[in-house]
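# Summary of structural features
Read off the chains here:
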Amino acid sequence: GLLVRFQLQEKGHNFREVRTRLAAVAPVAFLDLKPSGEGCARMDSVVGATTLCKALQTAMNHGKTAGAAEAGLEALGNVAKVEMVEGRDELEVWRAVEVGKRARLAEKALGG
């Protein structure tokens, strides 16, 4: 799996800040971040997804991270949940991404 789903306890994080902090741990290809703090990061590789998942789990379990590359995650506050997304759940995420992409393209085509 290339996807890491997470829940930040604090709401209203800046998209660019979160992406920058996650990318400091491992390269991020795509980030979906909702105002509620729920997010899903598509990583460039399985190794990157595993690395990010472990860093977020460390932040969740210990309230802080252990390595220099992960130090920026502390600024995101408490992590309430983190998991690798695989199998059927991964397919569902990709279907939702595709539906959203088609809706945005249709809106642009209509001049929206």
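This part takes up the confidence of the model for the chain. For the chain, the mean per-residue pLDDT works out to 84, and 89% of the residues sit at or above 70. Taking the mean pLDDT of every element in the chain, the minimum, 85, falls on helix H3 (residues 87–109) and the maximum, 93, on strand E1 (residues 3–8).

To continue, consider H3. Along an α-helix, residues three or four apart share an orientation, since each turn contains 3.6 residues. With 23 residues, H3 extends 33 Å between its outermost C-alpha atoms, agreeing within 8% with the 33 Å of an ideal straight helix rising 1.5 Å per residue. Positioned one or two residues after H3, Gly111 has a phi angle of 85 degrees, which is positive.

So, on to the pairing of strand E3 (residues 38–43). Of the strand pairs in this sheet, E1 and E3 are connected by 5 bridges, and their pairing is antiparallel. Counterpart to Gln7 in the pairing with E3 is Glu38. Here strand E2 (residues 28–33) pairs with E3 via 5 bridges, running antiparallel. Directly across from Leu31, in E3, lies its bridge partner Ala41. Where E2 folds back onto E3 in an antiparallel hairpin, the turn is made up of 4 residues, including Gly37, whose phi is positive at roughly 95 degrees.

Before going further, it helps to spend a moment on the sheet that holds strand E4 (residues 79–85). Sheet strands pair via backbone hydrogen bonds, and the direction of the pair is either parallel or antiparallel. The antiparallel open sheet is built from 4 strands, whose spatial order is E2-E3-E1-E4. A strand with exactly one partner marks an edge of an open sheet, and here the two such strands are E2 and E4. Put simply, the sheet's adjacent strands are angled 15 degrees from each other on average, direction ignored. The strands touched by H3 are E1, E2, E3 and E4; relative to E1, the strand with the most contacts, the crossing angle is about 80 degrees.

Our next topic: the nonpolar core. Counting residues in each nonpolar core, the largest one holds 22 residues, and the members touching the most others are Phe6, Leu22 and Leu56. It is helix H2 (residues 46–62) that provides the largest number of residues to this core, a total of 6 residues. Leu56 has contacts with Val4, Phe6, Leu22, Leu73, Val79 and Val82, leaving out every residue within four places of it along the chain.

When you line up the elements, Glu90 lands in helix H3. An unpaired buried charge is present at Glu90: no salt bridge exists, and Arg42, the closest side chain of opposite charge, is 7.0 Å distant. Not counting residues within four places of it along the chain, the set of residues in contact with Glu90 comprises Gly1, Leu2, Leu3 and Val85.

What follows concerns the pairing of E1. Note: E1 against E4, 6 bridges, orientation antiparallel. By the bridge assignment, Arg5 is partnered in E4 with Glu83.

Turning to the environment of Ala24, a few remarks are in order. With respect to the helices and strands, the residue Ala24 is situated in the loop between helix H1 (15–23) and E2. Taking C-alpha positions, Ala24 is 9.5 Å from Leu52, a pair spaced 28 residues apart along the chain.

What counts and how
- Residues numbered from 1 in each chain as written.
- Predicted model: local features only at pLDDT ≥ 70, side-chain atom pairs only at ≥ 80, totals over all residues.
- Heavy atoms only, no water.
- pLDDT = per-residue confidence, 0-100.
- Helix = DSSP H or I, 4+ residues; strand = E, 2+ residues; numbered from the N terminus.
- Expected span 1.5 Å × (residues − 1).
- Pairing = 2+ DSSP bridges.
- Axes fitted to C-alpha atoms, helices over the stretch in contact; angles between N-to-C directions.
- Contact = heavy atoms within 4.5 Å.
- Core = buried A, V, L, I, M, F, W, Y, C linked by side-chain atoms within 4.5 Å.
- Buried < 20%, exposed > 50% of the residue type's maximum accessible area, 1.4 Å probe, protein only.
- Lys, Arg positive; Asp, Glu negative; His and termini not counted.
- Salt bridge = Lys/Arg side-chain N within 4 Å of Asp/Glu carboxyl O.

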